[in-house]
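# Analysis of the macromolecular model
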Amino acid sequence: IDCPANTKATSETSLGLQACECVHGTYDVLGRVGRPCLRCPHGAYCHGRKLLPVARTGYWTSRELWTNDTFDEEYPNAFLTAGVAVFAPCSFRRVRGVCVGYPDVNVQEAE
């Protein structure tokens with residue numbers, strides 16, 4: 001099957017877009033399948049598949065900062081822009097557990 005950008009089928013015998021999941025290093029803001037996936041934002045780690053990005057050490061996020069897809073009112077099934085996850089660097093005042101993040105890049109790459 002032809003999968004959208006930055007996705008791949010979960011197996012060679014998969015049928016339909018529902019089998020297309022984000023590849024490692026990409027994400028969908030709602031963890032959906034069968035949709036184009038975005039490159040992982042700076043300060044985040046993206047496992048791919050249906051998983052949402054997580055903050056790396058020294059960064060933080062809140063779902064309130066993330067944007068959702070925007071749609072054309074005339075064509076509600078065709079989205080205009082994909083939603084985006086936002087990660088911000090921690091200031092030295094905010095390091096109280098909020099900015100622990102994912103501990104080690106090497107561990108992340110091994111998963």
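So, here's what we can say about the structure. Not measured: the values here are computed from a predicted model.

## A look at the environment of R63
Inspection of the secondary structure puts R63 in the loop between β7 (59-60) and β8 (70-71). Under the relative-accessibility criterion, R63 is labelled partly exposed at 45%. Reaching out from R63, the side chain makes a polar contact with the backbone oxygen of V29 at a distance of 3.5 Å.

## Focus on the layout of surface pockets
Size it by volume and the largest pocket reaches roughly 160 Å³. Lining the largest pocket are 11 residues, and of these K8, C22, H24, H47 and R49 sit closest to its centre. Broken down by secondary-structure element, the contributors of at least two residues to the lining of the largest pocket are β1 (7-9) and β2 (20-22). A class-by-class count of the residues in the lining of the largest pocket yields 4 nonpolar, 3 polar and 4 charged.

## A closer look at the state of the cysteines
Cysteine pairs can be covalently joined through their sulfur atoms, and such a bond is termed a disulfide. Counted under the stated rule, the structure contains 3 disulfides. Each disulfide pairs two cysteine sulfurs, and for C3 the partner residue is C20, the sulfurs being separated by 2.0 Å. Taking the torsion about the S-S bond as the criterion, the C3 to C20 disulfide, at about -75°, is left-handed. Placement of the pair is C3 in the segment before β1 and C20 in strand β2, with a sequence separation of 17 residues.

## Some thoughts on a nonpolar patch on the surface
On the surface, a nonpolar cluster with roughly 190 Å² of combined accessible area is contributed by L65, V84 and V86. The partly exposed category is assigned to L65, whose relative accessible area is 37%.

## Quick notes on unusual backbone geometry
At N6, a residue that is not glycine, the phi angle is positive and equals roughly 60°. Counting through the fold element by element, N6 comes out in the segment before β1. Unusually for a residue other than glycine, R49 sits at a positive phi of about 50°. Tracing the backbone through its elements, the reader meets R49 in the loop between β5 (44-45) and β6 (54-55). Since its relative accessible area comes to 45%, R49 is described here as partly exposed.

## Focus on the nonpolar core
Membership of the largest hydrophobic core is limited to 8 residues, which are Y27, V29, A44, C46, A55, W66, A85 and F87. Contacts of C46, omitting those with residues within four sequence positions, involve H24, G25, T26, Y27, C40, P41 and P53.

Cut-offs used in this document
- Residues numbered from 1 in each chain as written.
- Predicted model: local features only at pLDDT ≥ 70, side-chain atom pairs only at ≥ 80, totals over all residues.
- Heavy atoms only, no water.
- Helix = DSSP H or I, 4+ residues; strand = E, 2+ residues; numbered from the N terminus.
- Buried < 20%, exposed > 50% of the residue type's maximum accessible area, 1.4 Å probe, protein only.
- Polar contact = N/O pair within 3.5 Å; in protein donor to acceptor, adjacent residues only side chain to side chain.
- 1 Å grid on protein atoms, 1.4 Å probe; cavity = no way out; pocket = protein on both sides within 12 Å on 5 of 7 lines; lining within 4 Å.
- Points joined across faces, edges and corners; volume = space filled by probe spheres on them.
- Nonpolar A, V, L, I, M, F, W, Y, C, P; charged D, E, K, R; others polar.
- Disulfide = S-S within 2.5 Å.
- Patch = residues over 30% accessible without salt bridge, like charges linked within 9 Å, V, L, I, M, F, W, Y side chains within 5 Å.
- Areas by Shrake-Rupley, 256 points an atom, 1.4 Å probe, with all protein chains shown as cover.
- Salt bridge = Lys/Arg side-chain N within 4 Å of Asp/Glu carboxyl O.
- Core = buried A, V, L, I, M, F, W, Y, C linked by side-chain atoms within 4.5 Å.
- Contact = heavy atoms within 4.5 Å.

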